[in-house]
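The primary structure of each chain is shown beneath.
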Amino acid sequence: MSSADTHCPYCALQCAMTVSHAGHTTVTGRDFPTNRGGLCTKGWTSAELLASPHRLRMPLMRRPDGTLAETTWDEALDAVVAAFRDTKATHGADANAVFGGGGLTNEKAYQLGKFARVALGTSRIDYNGRFCMSSAAAASNRAFGMDRGLPFPVTDLDDARTILLLGSNVAATMPPFLAHLAGARAAGGLIVVDPRRSATARLTEDGAGTHLQPAPGTDLPLLLGLTHIAFAEGLADRAYIEERTTGFDALRRSVAAWWPERTSSTTGIPVAQLREAARRLAAGGAYVLTGRGVEQHVDGTATATAAINLALVLGLVGREGSGYGTLTGQGNGQGGREHGQKADQLPGYRSIRDPEARRHVAGVWGVEADELPDAGIPATALLGELGGPVKTLLVAGSNVVVSAPDVEAVRAGLTALDTLIVCDFFLSETAELADIVLPVLQWAEEEGTMTSLEGRVIRRRQALPGPDGARSELWILSELARRLGAASTWSTEPSEVFDELARASEGGVADYSGLSHDLLDTGIEAYWPYRTASTPRPFAERFAHADGRARLVAVDATPPAPTDRGAELTLVTGRYLQQYQSGTQTRRVAELNGARPEARLEIHPATASGLGIREGDLVAVSNERGTVRARATVTTDIRHDTVFLPFHYAGEECANRLTAAIVDPTSAMPEFKRTRVRVAPDAAVVAAATGVRGPVVVTEHPGIGRAVAGGMASRVSVADGATQTGISVADGAVPARVSVAGGPIERGASTPTEEATHV
């Protein structure tokens, strides 16, 4: 039997798990501060990915007849190198581009950025985290001088009396996180801001808190209105503001126009609820947390800034028992943006335009500083150059033909490239368009590090070998760099790459210089910055600006013009519990896909009635960019002026056929959460046209044999009402000992339900 202590391959909570193999592969939850032994349904079923029959085992190349066929590694790598060389010789270095992902380990993200700038000499690199964290990152950097999702351990939330949670459905995205909301719920202080009555919003019922249900896109006026109330009612902490911030006068003037009645008329939230929310936040023991729902807008940076301003005005940030944070989404969304995947950054969260940063990193890499390219362009703009200025693209860890805004334009750009190269372990929708596909290892087959939503650097450990023919991205980048004759060194050993990353990050904001794989293997708490010691609460004494003060930044709430003035409804997009990101992984897990096999459009009964739509009808959701077809779910959980689609699906169910490639001017975050659409019955569409995948059969793992997920001995199945320490979860999951309908269920038990949720 072999086993390894590692972490879940999915979200940024990075729940601890043990992967064991004794004839078959199993996953069990492991005690860790973030998840306390529990996993959500995605974590419990993650072993199934390792044995999927859809695994890529050999490189693929596009043949003259248009098909993808297996080839040798030498042939594939030589073809990649030839494409990069020909493109650079004919069109210049920036005609080669690289697109990374927030699920790559720190080592791979670092090496990918180095490869782009040293081996290819291109400025054209960015990653899918631009779609996820960029607005919150821009706001935090501006306010605090540092972007760390949670600048405190997640366990600090356990003792909160009030938590204002804006734009995050954690019951679906990271269910074990719900245990950290128990204290606030017990105090009646969970305040959830969401235009949907999501599973998380339903946690506020029965006296546990308040659901504020604003009109889509009005989170910024809401936050400005709460800040106005804080000033008007004397709730602001003036001593804290004077001691620890700058910009007070401009901020106070900027919110003067957002009196409660105006805020209420703009957002749809009653004045009494606005006042009560502000008073609770000011009463002590409060946290303000933001998610993608308020950030994925063209005013996302301003909205995140307004949330920070509110927290600063109330004196919450950097004090014990209170704070502000943003909930990172992707598994390594934090570390992935720190070490060189972003268009304007070098390792250590350094600016690529900082001469000293360029000198330091170039010295570690063994090149001259002036050999490094300038800053590139962010993801949406980069994708807009495909087939134009950009002729050859390498994609690693991303499925842009599902996840990017205006995906039909992205698809057209991908097909217009001279050469598309994709590294993946499945033939994703993006890989299906590639000229060369390179098979890579999965999470349990590799060593490395990840950085969780709380800024904790953790170890990912290998539990089993990968399939013959698949290779680590570190090996691929090393081989390509060697064939290209690139300067510097290109280790294939994750521990050696991490040591180089640590040296490159030294002195930067995200300083990992005191860390190593060996030190992390001792089990220490390792919150960055880590020079000589861990920093779990970096703002306890001062902020990261030179003067030690946070910046109060006045922002404007002028709404942008709608993208389609003739449309009727506002589309918001989001997640299902059982699916993840573009679905490349979860749509291949039979249990997960069986629970959520298709996209469903949530629509209010009154709206549906007016359009002649009934529960389960096939509908067409359209605007000038395209049409999505989905079945209707008629529910009062959504506002009458709003509809909801999940973003996990491809083809005619792909929500991003409708979203626009318009971005926040500061962060370049696309506008995903406020798209104008028309909805109508679609009687011409039959069920077979929805593109639903069939069940995935678990087969022999190509490295060691049969793999199965979890096992009922370590799982509990619950439906609609799981509780742990008093937390109710609709369609959610919470770890360890669980109660259903008032009675405890021991592990191994199962409720007889058609659509169970596994804990």
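Anything mentioned here points back to the structure above.
Heads up: these notes are all about the structure in this document. (Residues numbered from 1 in each chain as written. Predicted model: local features only at pLDDT ≥ 70, side-chain atom pairs only at ≥ 80, totals over all residues. Heavy atoms only, no water.)

**Comments concerning the overall build of the protein**
Scanning the protein from terminus to terminus reveals 24 helices and 35 strands. When each of the 759 residues of the protein is scored for burial, the buried share is 64%. Pairs at least 24 residues apart make up 73% of the contacts formed inside the protein by residues separated by at least 6 positions. By element, 49% of the accessible surface of the protein is carried by carbon and sulfur atoms, the whole surface being about 24400 Å². (Helix = DSSP H or I, 4+ residues; strand = E, 2+ residues; numbered from the N terminus. Buried < 20%, exposed > 50% of the residue type's maximum accessible area, 1.4 Å probe, protein only. Contact = heavy atoms within 4.5 Å. Areas by Shrake-Rupley, 256 points an atom, 1.4 Å probe, with all protein chains shown as cover.)

**Focus: the packing of aromatic side chains**
Aromatic rings in a pair are described by how distant their centres are and how their planes are angled relative to each other. The final tally for this structure, using the stated rule, is 16 aromatic pairs. Centroid distance F539 to F543: 5.1 Å. Interplanar angle 45°. Geometry classified as tilted. The pair formed by F539 and F543 is uniform in burial state, with each residue classed as buried. By the ring-pair criterion, three or more aromatic residues cluster together here, those being F144, Y324, F539 and F543. Lying across the ring of W490, K114 places its NZ or CZ 4.5 Å from the centre. For R262, the ring lying beneath its charged end belongs to W258, and the centroid distance is 3.8 Å. (Phe/Tyr/Trp six-rings, centres within 6.5 Å; stacked < 30°, edge-to-face > 60°. Lys NZ or Arg CZ within 6 Å of the ring centre and 35° of its normal.)

**Details of empty space enclosed by the protein**
Following the criterion strictly, the structure yields 4 cavities of 30 Å³ or more and no others. The calculated volume of the second largest cavity comes to roughly 70 Å³. Every residue lining the second largest cavity is listed: C8, Y10, C11, Q14, C15, L39, C40, K42, G43, T173 and P176. For the lining of the second largest cavity, the residue count by class is 7 nonpolar, 3 polar and 1 charged. (1 Å grid on protein atoms, 1.4 Å probe; cavity = no way out; pocket = protein on both sides within 12 Å on 5 of 7 lines; lining within 4 Å. Points joined across faces, edges and corners; volume = space filled by probe spheres on them. Nonpolar A, V, L, I, M, F, W, Y, C, P; charged D, E, K, R; others polar.)

**A look at the packing of helix α3 (residues 73-91) against helix α20 (residues 473-484)**
Think of two packed helices as two axes; the pair is described by the angle between the axes and how far apart they sit. Across the interface, α3 lies against α20 with an axial gap of 10 Å and an inter-helix angle of 60°. Between α3 and α20, the interaxial angle falls into the category oblique. When the axes of α3 and α20 are compared, the crossing they make is right-handed. Counted together, W73, D74, L77, D78, V80, V81, F84 and R85 of α3 and W475, I476, E479, L480, R483 and L484 of α20 form the full contact between these two elements. (Axes fitted to C-alpha atoms, helices over the stretch in contact; angles between N-to-C directions. Parallel < 35°, antiparallel > 145°, perpendicular 65-115°, else oblique. Left-handed = near helix turned anticlockwise from the far one by under 90°.)

**Comments concerning the environment of K114**
Positionally, K114 belongs in helix α4 (residues 106-119). Here K114 falls in the buried class, since its relative accessible area comes to 0%. Beyond its immediate chain neighbours, meaning those up to four positions away, K114 contacts A119, W365, S488, T489, W490 and E500.

**Regarding the pairing of strand β16 (residues 392-396)**
The buried count for β16 comes to 5 of 5 residues, which makes it a mostly enclosed element. Side chains T392, L394 and A396 project from β16 onto one buried face, and the interleaved L393 and V395 project onto a second face that is buried too. Relative to β16, strand β6 (residues 96-100) runs parallel, the two sharing 4 bridges. Bridge pairing links A97 to L393 in β16. (Pairing = 2+ DSSP bridges.)

**Quick look at unusual backbone geometry**
Note the cis peptide between W528 and P529, where omega equals 0°. A positive phi is found at Q14, a non-glycine position, where the angle reads about 50°. Mapped onto the elements of the fold, Q14 is located in the loop between β1 (2-7) and β2 (16-21). In this structure, R36 is a non-glycine residue whose phi angle is positive, near 50°. Counting through the fold element by element, R36 comes out in the loop between β3 (25-29) and α1 (41-44).

**Details of the sheet that holds strand β7 (residues 125-127)**
Across the sheet, 7 strands lie side by side as β5-β4-β18-β17-β16-β6-β7; this open sheet has mixed pairing. In this open sheet, the two edge strands, each paired with only one partner strand, are β5 (68-70) and β7. Neighbour-to-neighbour, the strand axes of the sheet open up by a mean angle of 20°, direction not taken into account. Where α3 meets the sheet, its contacts fall on β4 (60-62), β6, β16, β17 (419-424) and β18 (436-439), and the angle it forms with β18 comes to roughly 130°.

**What to know about the pairing of strand β13 (residues 323-326)**
The two faces of β13 match: G323 and G325 on one face and Y324 and T326 on the other face are all buried. Strand direction decides the pairing type here: strand β12 (residues 286-290) and β13, joined by 4 bridges, are parallel. Its bridge partner lying in β13, L289 is registered against G325.

**Brief notes about the pattern of salt bridges**
Any two side chains of opposite charge can pair if their charged atoms end up close together. Enumeration over the complete set of coordinates arrives at 44 salt bridges. Of the charged contacts in the structure, one is a salt bridge between R55 and E445, with a shortest N-O distance of 2.9 Å. Of the two residues, R55 sits in the loop between α2 (47-50) and β4 while E445 sits in the loop between β18 and β19 (448-451), which places them 390 residues apart along the sequence. For D637, the salt bridge goes to R197, with nearest N and O atoms at 2.7 Å. With D637 in the loop between β25 (626-634) and β26 (642-646) and R197 in the loop between β9 (190-193) and β10 (209-212), the pair connects residues that are 440 residues apart, well separated along the chain. Here R197 falls in the partly exposed class, since its relative accessible area comes to 31%. (Salt bridge = Lys/Arg side-chain N within 4 Å of Asp/Glu carboxyl O.)

**Observations regarding the nonpolar core**
Of all hydrophobic cores here, the largest spans 151 residues; its most connected members are F115, F144 and F177. A per-element tally of this core places helix α14 (residues 300-313) first, with 9 residues. Excluding residues that lie within four positions of it along the chain, F177 makes contacts with L13, V154, L157, V170, L289 and L327. Of all hydrophobic cores here, the second largest spans 29 residues; its members include L56, V390, L414 and V422. (Core = buried A, V, L, I, M, F, W, Y, C linked by side-chain atoms within 4.5 Å.)

**Digging into α14**
The first and last C-alpha atoms of α14 sit 20 Å apart over 14 residues, in line with the 20 Å expected at 1.5 Å per residue. G315, located one to two residues past α14, shows a positive phi value of around 75°. (Expected span 1.5 Å × (residues − 1).)

**Some thoughts on the packing of helix α8 (residues 219-232) against helix α11 (residues 260-267)**
Running from N to C, α8 and α11 cross one another at 165°; their axes reach a closest spacing of 9 Å. The angle between α8 and α11 places the two elements in the roughly antiparallel class. In this structure, the crossing between α8 and α11 has a hand that is left-handed. Touching P221, L222, G225, H228 and I229 of α8 are P260, T263, T266 and T267, all from α11. Split into classes, the residues belonging to the contact of α8 with α11 amount to 4 nonpolar, 5 polar and no charged.

**Some thoughts on the sheet that holds β3**
Strand order in the open sheet formed by 3 strands is β1-β2-β3, and the pairing between neighbours is antiparallel. Each having just a single partner strand, β1 and β3 make up the two edges of the open sheet. Across this sheet, the average inter-strand angle for adjacent strands is 25°, counted without regard to direction. Here β1 runs beside β2; their pairing, made up of 6 bridges, is antiparallel. Residue T6 lies in a different strand from β2, and its bridge partner there is M17.

**So, helix α21 (residues 494-505)**
With 12 residues, α21 extends 16 Å from end C-alpha to end C-alpha; this agrees with the ideal 16 Å at 1.5 Å per step. Where α21 is concerned, the buried positions are P494, V497, F498, E500, L501, A502, A504 and S505. Looking one or two residues beyond α21, the residue adopting positive phi is G507, at roughly 85°.

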